[in-house]
Amino acid sequence: MHPFEALTGRDARFPEDWYQGRASFGGLTAGAMVRALCGLVDRPLQSVTISLTAPARGEARVEAGITRVGRTLTHAWARIEGLGEARAVLGEPREHPVAWQRLEMPAVPPPEAVEATDMEERGGPAFTRHFEYRYVGPVPMSGGVPSTAVWMRPRPAMVPDAAMVVALLDAGPPPVLVPLTAPRMLSTVELRVRLHLLPTDNDFLLLTARTDTVGAGWADEVAHLWARDGQLIAECQQLIAIF
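Residues numbered from 1 in each chain as written. Predicted model: local features only at pLDDT ≥ 70, side-chain atom pairs only at ≥ 80, totals over all residues. Heavy atoms only, no water.

1. Side note on the overall build of the chain
And then number 1: When its secondary structure is counted, the chain shows three helices and 14 strands.
And then number 2: What you see for the chain is a C-alpha radius of gyration of 17 Å, in line with the 18 Å of a compact globule of 243 residues.
And then number 3: Dimensions of the chain along its principal axes, counting C-alpha atoms only, are 50 × 45 × 40 Å.
And then number 4: For the chain, buried positions account for 46% of its 243 residues.
And then number 5: Here the contacts in the chain between residues at least 6 apart in sequence split such that 66% fall between residues at least 24 apart.
And then number 6: Working note: accessible area of the chain is about 12000 Å², and carbon and sulfur atoms make up 51% of it.
And then number 7: Put simply, the chain has 23 plus and 28 minus side-chain charges, and the middle of one group is 5 Å from the middle of the other. (Helix = DSSP H or I, 4+ residues; strand = E, 2+ residues; numbered from the N terminus. Rg over C-alpha atoms; globule rule 2.2 N^0.38 Å. Buried < 20%, exposed > 50% of the residue type's maximum accessible area, 1.4 Å probe, protein only. Contact = heavy atoms within 4.5 Å. Areas by Shrake-Rupley, 256 points an atom, 1.4 Å probe, with all protein chains shown as cover. Lys, Arg positive; Asp, Glu negative; His and termini not counted. Charge placed at Lys NZ, Arg CZ, Asp CG, Glu CD.)

Right under this line is the structure:
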């Protein structure tokens, strides 16, 4: 079993090597709730909205249940008392004549063409040791516009399930940090994820993200996760608190 899977069961654990500052990386909390949701029914996750209400430390029990089961979709909920809650739609794929993808993955060098960046050595949080980062866009505190692009995969490598896809979306470098000259504490408050498909291997995935609006101590983020062949894996909107 991959370490991430072991930590994100119904009895979730938040060890210090997964911390972001004084508490756990939010993607670990979110991943535990997503894993519980996906275990309720044999239907793929289509979308999930996650609120992270308090920092996680130690251990916690994940509760999950079904709101309604329909012919092709299920509404479900999950929560970790005092730490977070999630609402999800799980549904069967359907043949339909209306289908397109207008977004295109940006043209960037392949991950083999760029060196890995040790985020901890750059002053990043402890949890980043569990991911591999290969930048093909701006890095935090480098100046420029608040956007980034980075090839990522879990460390050790695994074929990402829905829980890991959500964690990857939250593990990327926040683009709001790119224009800054000094680090700032950030905290993800809410994630809204649309999952289009699951990866089929443990290859790198490209995370692209941008921040369009910052003010009054809050920042938005829009992120996309791409397979190497240009297929869109997932997209995410985040609300981030800046301290």
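2. Considering the nonpolar core
And then number 1: Of all hydrophobic cores here, the largest spans 59 residues; its most connected members are Val-48, Ile-50, Phe-131, Tyr-133 and Leu-169.
And then number 2: Here this core gets nine residues from one element, more than from any other, and that element is helix H3 (residues 162-171).
And then number 3: If near-sequence neighbours (up to four positions away) are discounted, Val-48 is found in contact with Val-34, Leu-37, Ala-86, Arg-87, Ala-88, Leu-191, Arg-192 and Val-193.
And then number 4: Of all hydrophobic cores here, the second largest spans six residues; its members include Ala-149, Trp-151, Phe-204 and Leu-232. (Core = buried A, V, L, I, M, F, W, Y, C linked by side-chain atoms within 4.5 Å.)

3. Details of unusual backbone geometry
And then number 1: Following Arg-155, the chain continues into Pro-156 via a peptide bond in cis, with omega recorded as 0°.
And then number 2: Although it is not a glycine, Met-141 adopts a positive phi angle of roughly 60°.
And then number 3: Within the secondary structure, Met-141 sits in the loop between strand S8 (131-135) and strand S9 (147-154).
And then number 4: The partly exposed category is assigned to Met-141, whose relative accessible area is 30%.

4. Re the state of the cysteines
And then number 1: Counted according to the given criterion, the structure contains zero disulfides.
And then number 2: Cys-38 carries a free sulfur, and the closest cysteine sulfur to it, the one in Cys-236, is 15 Å from it.
And then number 3: Cys-38 sits in the partly exposed class, given a relative accessible area of 27%.
And then number 4: When its relative accessible area of 2% is taken as the criterion, Cys-236 is described as buried. (Disulfide = S-S within 2.5 Å.)

5. Here we look at the packing of aromatic side chains
And then number 1: Enumeration over the complete set of coordinates arrives at six aromatic pairs.
And then number 2: On the basis of an interplanar angle of 80° and a centroid distance of 6.3 Å, the ring pair of Phe-127 and Phe-131 is categorised as edge-to-face. Each member of the pair Phe-127 and Phe-131 is classed as buried.
And then number 3: In textbook terms, an aromatic cluster arises when at least three aromatic residues are bridged by ring pairs, as seen for Phe-4, Trp-18, Phe-25, Phe-127 and Phe-131.
And then number 4: One residue, Arg-228, lies across the ring of Trp-151, its end atom 6.0 Å from the ring centre. (Phe/Tyr/Trp six-rings, centres within 6.5 Å; stacked < 30°, edge-to-face > 60°. Lys NZ or Arg CZ within 6 Å of the ring centre and 35° of its normal.)

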